[in-house]
Amino acid sequence: MTVSLRPGATTSVAVAATRLDAATAHLDAPLLALDLGALRANAADLVVRAAGTPVRVASKSVRCRAVLDAALGTPGFRGVMAYAVREAVLLARAGVDDVLLGYPSVDRGALAELAADPVARQRVTLMVDDPAQLRIARDAAGRAGLRVCIDVDASLRIGPLHLGVRRSPVRTPSQAAALASAARRLGFDVVGVMFYEAQVAGLPDSSLAVRLVKRVSIGELAHRRAAVVAAVAGNGQLEIVNSGGTGSLESSAADPVVTEVTAGSGLYGPTLFDGYRAFTPRPALMFALPVVRRPAAAVATTFGGGYIASGPAGASRVPTPVYPAGLRLLGTEGAGEVQTPVRGRTVPAIGDRVWWRHTKAGEICERFTGMHLVEDGHVVGSTPTYRGEGWTFG
Ligand SMILES: Cc1ncc(COP(=O)(O)O)c(C=O)c1O
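Residues numbered from 1 in each chain as written. Predicted model: local features only at pLDDT ≥ 70, side-chain atom pairs only at ≥ 80, totals over all residues. Heavy atoms only, no water.

### A short note on the overall build of the protein chain
Thinking step 1. Scanning the protein chain from N- to C-terminus turns up twelve helices and 19 strands.
Thinking step 2. Relative to the 2.2 N^0.38 estimate, which gives 21 Å for 394 residues, the radius of gyration of the protein chain is 22 Å and therefore close to what a compact globule would have.
Thinking step 3. Intrachain contacts of the protein chain at a sequence separation of at least 6 include 69% that bridge at least 24 residues.
Thinking step 4. For the protein chain, the exposed area adds up to about 16200 Å²; of that, 55% sits on carbon and sulfur atoms. (Helix = DSSP H or I, 4+ residues; strand = E, 2+ residues; numbered from the N terminus. Rg over C-alpha atoms; globule rule 2.2 N^0.38 Å. Contact = heavy atoms within 4.5 Å. Areas by Shrake-Rupley, 256 points an atom, 1.4 Å probe, with all protein chains shown as cover.)

Structure representation (structure tokens):
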């Protein structure tokens with residue numbers, strides 16, 4: 001079904017979960033539910049925070065076509081950042097006219113398919129950071145003139161310290177210019193550069209030290225970004241200078257060389273984004289699990305639940321029970337493979353549901369074939385997740 005986005009209102013976690021619970025009371029759990037009012041308010045916030053710079057929606061953080069379409073239909077959004085070439089080709093064939101890969105690929109079959117499709121070829125831009133990727137793409141695609149964007153390391157280096165993610169080996173203007181020249185020699189069309197400052201965008205403001213790192217990093221990147229753009233563009237102009245994520249929209253968009261910012265997680269508002277100072281996304285997407293047994297007076301066991309988020313393993317990666325209030329996981333069991341006990345002063349009965357939030361955004365869609373869409377307290381439809389469409393890309 002089509003999801004349309006209009007301005008919405010702020011909601012607390014408890015109110016949001018209560019609303020989803022009442023709306024879906026007639027449905028069997030486990031289920032995944034999306035509050036459309038919260039989704040559209042989150043989308044509007046992302047646009048406001050980008051302050052006029054177009055927002056590219058990150059598909060890995062959404063993993064649902066109807067929600068991607070809803071974002072693309074929101075003024076201020078433009079284009080998709082995909083995570084797999086096969087996915088990018090499918091999106092392009094489905095009508096998305098601007099798909100930027102966020103990550104390099106060596107999927108020869110998908111690259112050949114892209115090269116063989118004249119429409120997808122115009123709509124999809126590959127991400128590269130190494131001549132080896134270019135050679136693989138060239139061998140798979142032939143001289144098809146594929147579009148490429150250069151991923152530039154946006155981490156902060158202080159002496160031997162590397163603050164940020166380990167992604168691209170390309171960091172300096174001369175390294176970026178050399179890769180652009182290599183790409184052009186192999187027949188690629190170099191259309192852009194991307195900087196993903198994970199140490200700003202993906203780190204909650206948990207301490208003074210983190211906030212300081214962010215401030216220093218934003219200043220360092222502003223200098224280097226302009227120099228890299230000038231070196232890659234030469235006498236021409238780049239179509240794409242992409243930067244940022246949900247956690248960095250203000251600072252990424254503030255750099256005048258940036259032509260677009262990326263955001264995805266901010267649409268669903270997972271727990272990872274609870275700890276930022278500049279913004280608070282509404283918890284739009286939650287899942288409900290049924291209570292199937294009561295091992296003790298203070299313990300209820302739900303079916304399912306072991307939906308651990310990617311990233312450094314630890315307590316921050318497990319889902320959070322949010323409704324009824326006061327429930328918590330057991331340290332000895334955590335979130336289980338097919339059943340998850342929760343403890344609380346008062347616990348729900350067998351047949352009742354517990355509502356949960358995932359740590360990250362799109363990953364939960366890999367556990368459900370579809371999501372129920374809730375509007376004004378009622379289920380107004382359902383829509384498949386990527387997984388529900390058989391779209392699994394790794
Ligand atoms: C290249 C790139 N851009 C942007 C993002 C931001 O995505 P989100 O807004 O979901 O945090 C990510 C997330 O990892 C990313 O890898």
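Having put the structure on the table, let's press on.
### Description of a nonpolar patch on the surface
Thinking step 1. Together, Val292, Phe303 and Val338 line one region of the surface with nonpolar side chains, adding up to about 260 Å² of accessible area.
Thinking step 2. Among the structural elements, Val338 can be located in the loop between strand S15 (328–329) and strand S16 (339–343). (Patch = residues over 30% accessible without salt bridge, like charges linked within 9 Å, V, L, I, M, F, W, Y side chains within 5 Å. Salt bridge = Lys/Arg side-chain N within 4 Å of Asp/Glu carboxyl O.)

### Brief notes about the site of the ligand
Thinking step 1. Taken together, 15 residues lie around the ligand, and Ser61, Tyr103, Arg167, Thr246 and Ser265 are the ones closest in.
Thinking step 2. Between Lys60 and the ligand, the recorded distance is 3.4 Å, taken from a side-chain N or O atom to an oxygen atom.
Thinking step 3. Contacts to the ligand include Arg167, whose side-chain N or O atom sits 2.7 Å from an oxygen atom.
Thinking step 4. The protein chains hide 95% of the 390 Å² of surface that the ligand would expose on its own.
Thinking step 5. Residue classes in the shell around the ligand are distributed as six nonpolar, seven polar and two charged. (Near = heavy atom within 4 Å. Polar contact = N/O pair within 3.5 Å; in protein donor to acceptor, adjacent residues only side chain to side chain. Nonpolar A, V, L, I, M, F, W, Y, C, P; charged D, E, K, R; others polar.)

### Considerations on helix H4 (residues 85–93)
Thinking step 1. Residues of H4 that are buried include every one of Val85, Glu87, Ala88, Val89, Leu91 and Ala92, and no others.
Thinking step 2. Packed against the buried residues of H4 are helix H3 (65–72), strand S3 (77–82), strand S4 (99–101), helix H5 (108–116), helix H6 (118–123) and strand S5 (124–128). (Buried < 20%, exposed > 50% of the residue type's maximum accessible area, 1.4 Å probe, protein only.)

### Examining the packing of aromatic side chains
Given two aromatic rings, their pairing is described by the distance between the two centres and the angle made by the two planes.
Thinking step 1. Under the defined criterion, the tally for this structure stands at twelve aromatic pairs.
Thinking step 2. The side chain of Arg49 reaches across the aromatic face of Phe279, ending 3.7 Å from its centre.
Thinking step 3. A cation sits over an aromatic face here: Arg225 above Phe195, 5.9 Å from the ring centre. (Phe/Tyr/Trp six-rings, centres within 6.5 Å; stacked < 30°, edge-to-face > 60°. Lys NZ or Arg CZ within 6 Å of the ring centre and 35° of its normal.)

### Points about the nonpolar core
Thinking step 1. Counting residues in each nonpolar core, the largest one holds 97 residues, and the members touching the most others are Leu34, Val193, Tyr268 and Met371.
Thinking step 2. When residues in this core are grouped by element, the largest group, six residues, is from helix H2 (residues 36–50).
Thinking step 3. Three or more residues apiece are contributed to this core by two domains, here domain 1 (47–264) and domain 2 (285–386).
Thinking step 4. In terms of nonpolar packing, the next biggest core, distinct from the first, is built from twelve residues, Ala23, Leu31, Trp355 and Val374 among them. (Core = buried A, V, L, I, M, F, W, Y, C linked by side-chain atoms within 4.5 Å. Domains from an automatic or database assignment.)

### Topic: H5
Thinking step 1. Residues of H5 that are buried: Ala110, Leu111, Leu114 and Ala115. The arc enclosing the buried residues of H5, seen along the axis, measures out at 135 degrees, which places them on a common side. Facing away from the buried surface of H5 by more than 90 degrees, the exposed residues are Arg108 and Ala116.
Thinking step 2. Contacts from the buried residues of H5 go to H4, H6, S5 and helix H7 (131–141). (Arc of directions from axis to C-beta.)

### Quick word on the packing of H4 against H5
Thinking step 1. Taken N-terminus to C-terminus, the directions of H4 and H5 make an angle of 25 degrees; their axes are 8 Å apart at the nearest point. The angle between the axes of H4 and H5 places the two elements in the roughly parallel class. Seen from above, H4 lies across H5 with left-handed handedness. Facing H4, whose interface residues are Val85, Arg86, Val89 and Arg93, H5 presents Gly109, Ala110, Leu111, Glu113 and Leu114.
Thinking step 2. Residues of the contact of H4 with H5, tallied by class, amount to five nonpolar, one polar and three charged. (Axes fitted to C-alpha atoms, helices over the stretch in contact; angles between N-to-C directions. Parallel < 35°, antiparallel > 145°, perpendicular 65-115°, else oblique. Left-handed = near helix turned anticlockwise from the far one by under 90°.)

### Considerations on the packing of H5 against H7
Thinking step 1. Contact geometry of H5 with H7 gives a least axis separation of 8 Å together with a crossing angle of 60 degrees. In terms of orientation, H5 lies oblique with respect to H7. Of the two possible hands of crossing, H5 and H7 adopt the one that is right-handed. Packed against H5, whose contacting residues are Arg108, Leu111, Ala112 and Ala115, the element H7 presents Ile136, Ala137, Ala140 and Ala141 at the interface.
Thinking step 2. When grouped by side-chain class, the residues that make up the contact of H5 with H7 number seven nonpolar, no polar and one charged.

### A look at the domain arrangement of the protein chain
Thinking step 1. Partitioning the protein chain into structural domains gives domain 1 (47–264) and domain 2 (285–386).
Thinking step 2. Here the C-alpha centroids of domain 1 and domain 2 sit 33 Å apart.
Thinking step 3. Domain 1 puts 13 residues into the contact, and the matching count from domain 2 is ten residues.
Thinking step 4. For the pair domain 1 and domain 2, the two sides together bury roughly 780 Å², of which 61% comes from carbon and sulfur. (Buried area = accessible area lost by both parts, 1.4 Å probe.)

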